[in-house]
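Reading the structure
Given next are the chains, with one letter for each unit.
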Amino acid sequence: MRIELVKRKEHSELMSLMSPLIAVGLTALSAAIIFAISGVNPALGLYKFFIEPLTEQWSLEATIEKATPLILIGCGLAVCYLSNNWNIGAEGQFVVGAMFGSILPVMFPSFENSLTLPLMLISGVIGGALWAMIPALLKTRFNTNEILTSLMLVYVAGLLLDYLVRGPWRDPDGFNFPESRIFSDAATLPDVFGGMMSLATPITIIIALVLALVLAKTIKGFEIRVMGESPRAGSFAGFSAKRLTIFSFALAGGLAGLAGTMVVSGSLNQLLPSISPGYGFTAIIVAFLGRLNPIGIIIAGFVLALSYIGGEGVQSGLGVSNKIASVIQGLLLFYVLACDTLILYRIRMVSRRAANPAGEVSHV
Amino acid sequence: MGTENHSEVDTASAPFARSGKDKLLDAQGLTKRFGDILANDAVDLTINKGEIHALLGENGAGKSTLVKMFYGSLEPDGGEIWWDGQKVAIDNPAAARELGIGMVFQHFSLFEALNVVENIALALPNPGNMKDLAKRIETVSREYGLPLNPSDIVADLPVGIRQRIEIVRCLLQEPRLIIMDEPTSVLTPQEADQLFLTLQRLASEGCAVLYISHRLEEVQRICHHATILRHGQVVNECDPTKETPATLASMMVGAEVIAVNAAAQKPAIGDIRLGLHKLSAPAATPFATALNNISLELRAGEVVAIAGVAGNGQGELFDAISGEMRVAPDMILLDGAPCGAKGINWRRKKNAAFVPEERLGHGAVPGMKLSQNIVLTRHSTGDKLVNGGMVSTANAGEMEQRIKQAFDVRMSHDDPEARSLSGGNLQKFVVGRELDRQPGVLVINQPTWGVDAGAAALIRQAIIDLARSGSAVLVISQDLDEIFEIADKIAVISRGFLSEPEPAADMTRERVGLLMAGGAETQGEVA
């Protein structure tokens, strides 16, 4: 008896939809086991983690606040991953974007008018995109592995931020705390829908919808998908892999930078040494759980945001370390990638040396 | 038809009797089918101990399929393999190695970051202590005239030495049969001579060698016996030392006369549509071929075919003409306009069309629908597929229907993913996609590679019809039957050199075979 993966003739539409659901189910199962091992009633643990945050106004608002940057970064990353550009450094692009977006309110606090916010957002986009250009150019010019370079630049960006808020950008009236001055009202993103969310959320949803349209309907979206699936066919179509690498990194970096600026301007109102609970990394999971599709990413963003709030919930309510949130996020990515195998393969049990039908078979 | 030849050969080559106690490997009636294609059709092959046995055949003749069954990486659909007098089932490469069958692949599977001894240790079932292994590697490699330094890092070694590692790795397992797939294609002549000495020494020790090569002089020089495959069947066996490269070539390509459709209708030759002028390009990778001073004029109304054995620069030539590889502007002229440095879409807009050798992954994206694959090559040729940046699904779908009907592309449901079509149907689609445009210049690499006879006939006729309607067609093919069927002029490519095109009527298979085996180079160098 052995288990075989048999290649499907075409990819399964059903499994494309089912794969993330199966993955969420398996993650919940694993989480239950972890809760049980930690001596917590698994049912209660799962309830506190996944359900309770949705039952109260404040935790729902907190979920939306955390989902917003995840969705925005995830959308940019989806374009990278669809086109075979492995940008792992969105966290750094987020941080540099936040720093660029803060130039105006920190260095020119008296510049307060209706242009302040738009200028901040634009500088955030530029900052993130510039930071993303480093791995992109290294890849196109020197064939460096973008996974390594983009990841390493995350730490460089973190240290830069640390230096700024402890050094030149420290608040003169801040009792030597490592934080920048508080942003003026003109530099703060307003709340909308009766204070339920900041303006960042509708901006993010609109960007995701536009991107969904671009990917599904335009020649640029076609180019992105062709290059990801078959670079040789892409070059036969006359698309340039190098230009697309630059484009996708610029887009992902720009969106991450925008997310960074909107977080500091919308919820923190100042620059701090730690402005992100790992948004840039969690967004990788969001992108894959959302099937690299902006609409799916909106949903996935909320699921992952839940894990941040749920992690705090089980820590305060049940005494389980909130590190469990990272464990569950990691499990989720693991299961999504594993379940994606089912899109192109089906599982078959066979007895030894059964007649071998035509088709590619790999042994597991 | 193989059996009669077989018995003749038996008596003719007495020193290498094909039967008796010397038999090491004896395959009987091996059959392997891939979908519609019979890759091996009841193949009989006997290899004796201590024999260097050549396996000859054009590309697609079924050589690789056959040796993969010996090496356990493919399971035969029918037939038997006898090893040393016992019937065996070779389930996987490990089982093959246990029997004493080793294989040296054409493309190496070495880890560049590791050193020689580490690479070899990885491939051995029980490598033991590294120091002892390093010593063994040194001894064995020196003994066989393939000296290796066990501590060298693979990344620093030239291709010839890397092949040595593969061979020594094979030798350390004390094989009784070594299968070599085109071993000299990556070697310099000096390195090849060294390899021949090693092979002769192995043979004298009783180890058998199954040698796949396109270089006929080489086969003639070192092999004791040759089996020739054609379209999956054994068509001949011979003692290569008693043959000439020309007779071997004619056995490979078959000498039957084929009805020539192209000659039925005389072409009305027009202006030069595609000109290549001293086209040269360096090899991009160690496995690529450099192009050397290739010149060619392709006129409206004619089909020019480029014959040649695989890996002699066909892919590189195609990429240069299509624009996927850029060269100096004046090296390529489309209707007189220099375009060597222009991209593929610029050339498409100049009414050129291209069909690459690989259908899946180059000519078409496997996971995309046929209608999307139409957008792939026609998005900028003014076919209304893209309006203001938006892809028109409706127009692409309409075009897909049109091509499907005109070229009889059969599919299980409408607009499937490219990967689900059979080879022949996908080829009809990929060719049809370009012919649908009525291009002025068509460049097509391996138009009917791995395609069933019906689809092949349809595609060939379409190519001839296109040329007769006033377009210029350049066909790159390894199938001589096909070339003689459709070409008005034939040129031969060998190691990146192209021979002068000659009228097909004046060409013989023997002459093409000799040009393939290196004649094109000398001619190309003079030209």
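Residues numbered from 1 in each chain as written. Chains lettered and ligands numbered in written order. Predicted model: local features only at pLDDT ≥ 70, side-chain atom pairs only at ≥ 80, totals over all residues. Heavy atoms only, no water.

So, about the overall build of chain A. Broken down by element type, chain A carries 14 helices and five strands. In chain A, of all internal contacts separated by at least 6 residues, the share reaching a separation of at least 24 is 77%. Per element, the accessible surface of chain A, about 16400 Å² overall, is 68% carbon and sulfur. (Helix = DSSP H or I, 4+ residues; strand = E, 2+ residues; numbered from the N terminus. Contact = heavy atoms within 4.5 Å. Areas by Shrake-Rupley, 256 points an atom, 1.4 Å probe, with all protein chains shown as cover.)

This paragraph deals with the sheet that holds strand 1 (residues 23–34) of chain B. As a general point, the strands of a sheet are linked pairwise by backbone hydrogen bonds and lie either parallel or antiparallel. Residues and elements named next belong to chain B. Spatially, four strands are ordered 2-1-4-5 in an open sheet, and the strand pairing comes out antiparallel. The outermost strands of the open sheet, each flanked by one partner alone, are strand 2 (37–48) and strand 5 (86–88). Strand-to-strand twist of the sheet, defined as the mean angle between neighbouring strand axes without regard to direction, takes the value 25°. Against the sheet, helix 2 (residues 63–70) makes contact with strand 1, strand 2 and strand 4 (78–83), and its axis sits at roughly 120° relative to strand 1, the strand it touches most. (Pairing = 2+ DSSP bridges. Axes fitted to C-alpha atoms, helices over the stretch in contact; angles between N-to-C directions.)

This part takes up the packing of aromatic side chains. The tally for this structure, following the rule as stated, stands at nine aromatic pairs over all chains. Relative to F288 of chain A, the ring of Y81 of chain A has its centre 5.2 Å away and its plane inclined at 15°; by these criteria the two rings are stacked. Placement of the pair is Y81 of chain A in helix 3 (residues 57–82) and F288 of chain A in helix 11 (residues 279–289), with a sequence separation of 207 residues. The same class applies to Y81 of chain A and to F288 of chain A, which are both buried. Relative to F288 of chain A, the ring of W86 of chain A has its centre 6.3 Å away and its plane inclined at 5°; by these criteria the two rings are stacked. Note that W86 of chain A is positioned in the loop between helix 3 and helix 4 (90–107) and F288 of chain A in helix 11, a separation of 202 residues in sequence. For W86 of chain A, a relative accessible area of 28% puts it in the partly exposed group. With relative accessibility at 13%, the residue F288 of chain A sits in the buried group. One aromatic cluster in this structure is built from Y81, W86 and F288 of chain A. The ring centre of Y144 of chain B lies 4.6 Å from the NZ or CZ of R201 of chain B, which sits over that ring. (Phe/Tyr/Trp six-rings, centres within 6.5 Å; stacked < 30°, edge-to-face > 60°. Buried < 20%, exposed > 50% of the residue type's maximum accessible area, 1.4 Å probe, protein only. Lys NZ or Arg CZ within 6 Å of the ring centre and 35° of its normal.)

Residues and elements named next belong to chain A. With 25 residues, helix 12 (residues 294–318) ought to run about 36 Å at 1.5 Å a step, and its terminal C-alpha atoms sit 35 Å apart, in line with that. Two to three positions downstream of the cap, the backbone nitrogen of I295 sits 2.9 Å from a side-chain oxygen, assigning the N-cap of helix 12 to N293. Phi for G319, located one or two positions after helix 12, is positive at around 75°. (Expected span 1.5 Å × (residues − 1). Polar contact = N/O pair within 3.5 Å; in protein donor to acceptor, adjacent residues only side chain to side chain.)

We now examine the pattern of salt bridges. Residue and element names in this part refer to chain B. Here the structure, examined in full by the defined rule, presents 32 salt bridges over all chains. A salt bridge links R378 to D436; its shortest N-O distance comes to 2.6 Å. A residue pair is termed long-range when its members are at least 10 positions apart, and R378 in helix 12 (residues 370–378) and D436 in the loop between helix 14 (423–435) and strand 19 (441–445) qualify at 58 residues. Each of R378, D383, R402 and D436 takes part in one network of salt bridges that share partners. (Salt bridge = Lys/Arg side-chain N within 4 Å of Asp/Glu carboxyl O.)

This part is about the interface of chain A and chain B. Facing the 23 residues of chain A at the interface are 35 residues of chain B. Buried surface at the junction of chain A and chain B, summed over both partners, amounts to about 2600 Å²; 53% is from carbon and sulfur atoms. Across the contact surface, chain A and chain B share two salt bridges. Two residues, E324 of chain B and R232 of chain A, come together in a salt bridge whose shortest N-O distance is 3.2 Å. Across the contact surface, chain A and chain B share 12 residue pairs in polar contact (both at pLDDT 80 or more). Sorting the residues of the side of chain A that touches chain B by element identifies helix 8 (219–229) and helix 9 (231–236) of chain A as the ones contributing at least two each. Among the residues making up the side of chain A that touches chain B, the classes are represented as nine nonpolar, six polar and eight charged. (Buried area = accessible area lost by both parts, 1.4 Å probe. Nonpolar A, V, L, I, M, F, W, Y, C, P; charged D, E, K, R; others polar.)

Our next topic: helix 2 (residues 42–51) of chain A. The complete set of buried residues in helix 2 of chain A reads G45, K48 and F49 of chain A. Seen along its axis, helix 2 of chain A keeps its buried residues to an arc of 90°; they face one direction. (Arc of directions from axis to C-beta.)

On to the domain arrangement of chain A, then. Residues and elements named next belong to chain A. Looking at chain A, the domain boundaries give domain 1 (1–40 + 325–364) and domain 2 (66–319). With 15 residues of domain 1 at the contact, the number on the domain 2 side is 11 residues. Summing both sides of the interface, domain 1 and domain 2 together bury roughly 1100 Å²; the carbon and sulfur share of this comes to 75%. If you sort the residues of domain 1 by the area they bury against domain 2, Q329, L332 and L333 come out on top, with a joint share of 42%. Along the contact surface separating domain 1 from domain 2 lie one salt bridge. Along the contact surface separating domain 1 from domain 2 lie four residue pairs in polar contact (both at pLDDT 80 or more). Where the side of domain 1 that touches domain 2 is concerned, the elements lending two or more residues are helix 1 (13–37) and helix 13 (324–339). Here the element with the most residues in the side of domain 1 that touches domain 2 is helix 13; it accounts for seven residues. When grouped by side-chain class, the residues that make up the side of domain 1 that touches domain 2 number 10 nonpolar, four polar and one charged. (Domains from an automatic or database assignment.)

Once that is clear, we can look at the packing of helix 12 of chain B against helix 14 of chain B. Residue and element names in this part refer to chain B. Put simply, helix 12 and helix 14 touch, their axes get as near as 10 Å, and they point 40° apart. It follows that helix 12 is oblique to helix 14 by the angle criterion. Relative to helix 14, helix 12 is oriented so that their crossing is right-handed. Touching L370, N373, I374, L376, T377 and R378 of helix 12 are L426, F429, R433 and E434, all from helix 14. Looking at the contact of helix 12 with helix 14, its residues break down into five nonpolar, two polar and three charged. (Parallel < 35°, antiparallel > 145°, perpendicular 65-115°, else oblique. Left-handed = near helix turned anticlockwise from the far one by under 90°.)

Glancing now at the packing of helix 1 of chain A against helix 2 of chain A. Residues and elements named next belong to chain A. It is at 8 Å that the axes of helix 1 and helix 2 come closest, and there the two elements cross at 120°. In terms of orientation, helix 1 and helix 2 fall into the oblique class. Crossing handedness for the pair helix 1 and helix 2: right-handed. Here A28, A31, A32, F35 and A36 of helix 1 come into contact with helix 2, specifically with P42, G45, L46 and F49. Of the residues belonging to the contact of helix 1 with helix 2, the class tally is eight nonpolar, one polar and no charged.

Let us look at the environment of F108 of chain A. Position of F108 of chain A among the secondary structure elements: in the loop between helix 4 and helix 5 (116–142). Sequence separation between F108 of chain A and A78 of chain A is 30 residues, and the spatial gap between their C-alpha atoms is 35 Å.

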